[in-house]
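One letter stands for each residue in the lines below.
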Amino acid sequence: MRRYRIAAIPGDGIGQEVIPAGLEVLQAVAARQGFALDVEEFPWGSDYYRATGKMMPEDGLETLKPFDSIFFGAVGDAHLPDDITLWGLRLKICQGFDQYANIRPTRVLPGLTSPLRQVEPGDIDWVIVRENSEGEYAGHGGRAHRGHPEEVATETAIFTRAGVTRIMRTAFRIAQSRPRKLLTVVTKSNAQKHGMVFWDEIAAEVAREFPDVSWEKELVDAMAARMVRRPQSIDTVVATNLHADILSDLAGAVAGSLGVAPTANLEPDRRFPSMFEPIHGSAFDIAGKGVANPVATFWTAAMMLEHLGEPAAAASLMVAVEQVCAAGIMTADVGGTADTAAVTAAVVAAIQGANA
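Computed from a predicted model, the values in this text were never measured in an experiment. (Residues numbered from 1 in each chain as written. Predicted model: local features only at pLDDT ≥ 70, side-chain atom pairs only at ≥ 80, totals over all residues. Heavy atoms only, no water.)

### A few points about unusual backbone geometry
Piece 1. Non-glycine residue Lys-181 carries a positive phi angle of around 50°.
Piece 2. Looking at the secondary structure, you find Lys-181 in the loop between helix 5 (161–177) and strand 8 (182–187).
Piece 3. For Arg-270, which is not glycine, the phi torsion reads 60° and is therefore positive. (Helix = DSSP H or I, 4+ residues; strand = E, 2+ residues; numbered from the N terminus.)

### Quick word on the nonpolar core
Taken as a class, soluble globular proteins show a tendency for nonpolar side chains to be buried jointly.
Piece 1. Judged by nonpolar contacts, the single largest core of 87 residues is most densely connected at Ile-103, Met-168, Trp-199, Val-238, Leu-317 and Val-347.
Piece 2. Considering every element that reaches this core, the biggest residue donor is helix 9 (residues 295–308), with 9 residues.
Piece 3. Apart from residues no more than four positions distant in its own chain, Met-168 is found in contact with Val-185, Trp-199, Ile-202, Ala-203, Val-206 and Val-238.
Piece 4. One finds Ala-7, Ile-70, Phe-72 and Ile-93 within the second-largest nonpolar core, a separate group that totals 16 residues. (Core = buried A, V, L, I, M, F, W, Y, C linked by side-chain atoms within 4.5 Å. Buried < 20%, exposed > 50% of the residue type's maximum accessible area, 1.4 Å probe, protein only. Contact = heavy atoms within 4.5 Å.)

### Concerning the pairing of strand 3 (residues 69–74)
Piece 1. The buried count for strand 3 comes to 6 of 6 residues, which makes it a mostly enclosed element.
Piece 2. When strand 1 (residues 2–11) meets strand 3, the two strands line up parallel, connected through 5 bridges. Bridged to Ala-7 within strand 3 is Ile-70.
Piece 3. Looking at chain direction, strand 3 and strand 12 (residues 274–278) are connected through 3 bridges and run parallel. Bridge pairing in strand 12 links Phe-71 to Phe-276. (Pairing = 2+ DSSP bridges.)

### Some remarks on the environment of Glu-277
Piece 1. Among the secondary structure elements, Glu-277 is positioned in strand 12.
Piece 2. Note on Glu-277: relative accessible area 6%, which makes it buried.
Piece 3. For the pair Glu-277 and Arg-104, spaced 173 residues apart in the sequence, the C-alpha separation amounts to 10 Å.
Piece 4. What Glu-277 contacts, discounting residues up to four positions off in sequence, is Phe-72, Gly-73, Arg-90, Pro-262, Thr-263, Asn-265 and Thr-300.
Piece 5. A distance of 2.6 Å separates the side chain of Glu-277 from the side chain of Arg-90, its partner in a polar contact.
Piece 6. Separated by 2.9 Å, the side chains of Glu-277 and Asn-265 make a polar contact. (Polar contact = N/O pair within 3.5 Å; in protein donor to acceptor, adjacent residues only side chain to side chain.)

### What to know about the packing of helix 1 (residues 15–33) against helix 10 (residues 311–326)
Piece 1. Direction vectors running N to C along helix 1 and helix 10 enclose 125°, while the axes themselves pass 10 Å from each other. Here helix 1 is positioned oblique relative to helix 10, judged by the angle of their axes. In the packing of helix 1 onto helix 10, the handedness of the crossing is right-handed. Facing Val-25, Val-29 and Gln-33 of helix 1, the residues of helix 10 in contact are Ala-312, Ala-313, Ser-316 and Leu-317.
Piece 2. Class assignment of the residues belonging to the contact of helix 1 with helix 10 gives a composition of 5 nonpolar, 2 polar and no charged. (Axes fitted to C-alpha atoms, helices over the stretch in contact; angles between N-to-C directions. Parallel < 35°, antiparallel > 145°, perpendicular 65-115°, else oblique. Left-handed = near helix turned anticlockwise from the far one by under 90°. Nonpolar A, V, L, I, M, F, W, Y, C, P; charged D, E, K, R; others polar.)

### Let's talk about the pattern of salt bridges
Piece 1. All told, the structure shown has 24 salt bridges when counted by the stated rule.
Piece 2. The residue Lys-65 makes a salt bridge to Glu-62 at a minimum N-O spacing of 2.9 Å.
Piece 3. Where Asp-98 meets Arg-166, a salt bridge forms, and the shortest distance between an N and an O atom there is 2.8 Å. Of this pair, Asp-98 sits in the loop between helix 4 (82–96) and strand 4 (101–107) while Arg-166 sits in helix 5; the two residues are 68 residues apart in sequence, bridging distant segments of the chain.
Piece 4. Taking relative accessible area as the criterion, Asp-98 reaches 18% and is therefore assigned buried. (Salt bridge = Lys/Arg side-chain N within 4 Å of Asp/Glu carboxyl O.)

What follows is the structure, given as structure tokens:
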């Protein structure tokens, strides 16, 4: 029997609710498709920080390295600074394992309603490729003259030829694999004349390797407007760490809710495990109420199965999710009345009832 080792890190807030739900549907689809998941859970996050002074152990990366994939919930706590929680756990894993490609698909699932007029399921089918290792989130900068009127804070965006080239190649490959073979390269090169012009130049260089892919450039502010005004014109998008972070949250909202938006943090060369997480974050305002939308986690789980080499299982999981959404079994954020447990049970039932 095929077996995969999964490291589960629920983390903070609703991550502690949606990751168990995701594991439940993963075990159901594994049983249905004839493979096994060996899951080990790690209690790292803000509660761990309060107990130990660290978000994860010093040897946490070594602990995670032998696993086939990491299934991650969320990080963030109302009572801790975001830079401690984010840099101490999620970014430490992403950067430590060089998970440089952040992949965020967007579709309006059956049964969901986009806030955009005249947008129906099928009208939006995007993949946003986010550079995940450098750029605006490189962590390079500092502060001087603290507390004085002349205090200075700098945040330096880092763009390397190796980093930009590899994310461009990833984006072009994804665009090449999709029916429309269309890639939009998003920058802000009219105002940022060094890093963003560099980004544009490398995009043009890499484009020559993919003559069958049509590509275009778009400024980030124009892209935000285009996502709202002409969503059907978009297919595959590549952008910097900051720009794609913002645009993909807008994409989740356009699709109906951040509660349905998945993410894969990939190390495409497979030297280290990749990490899969829903976009929505810890959402501590609803944590513990049992109303969190688990659909983003289920879709994320399907992306993990695809990465593990189980495309049939991934497809069957997404079919089950779409059937449940189409039947109106949804949480309040997308207009339903079901809780997390009810949506999870419905998806498990759909998996178990599907034809093998």
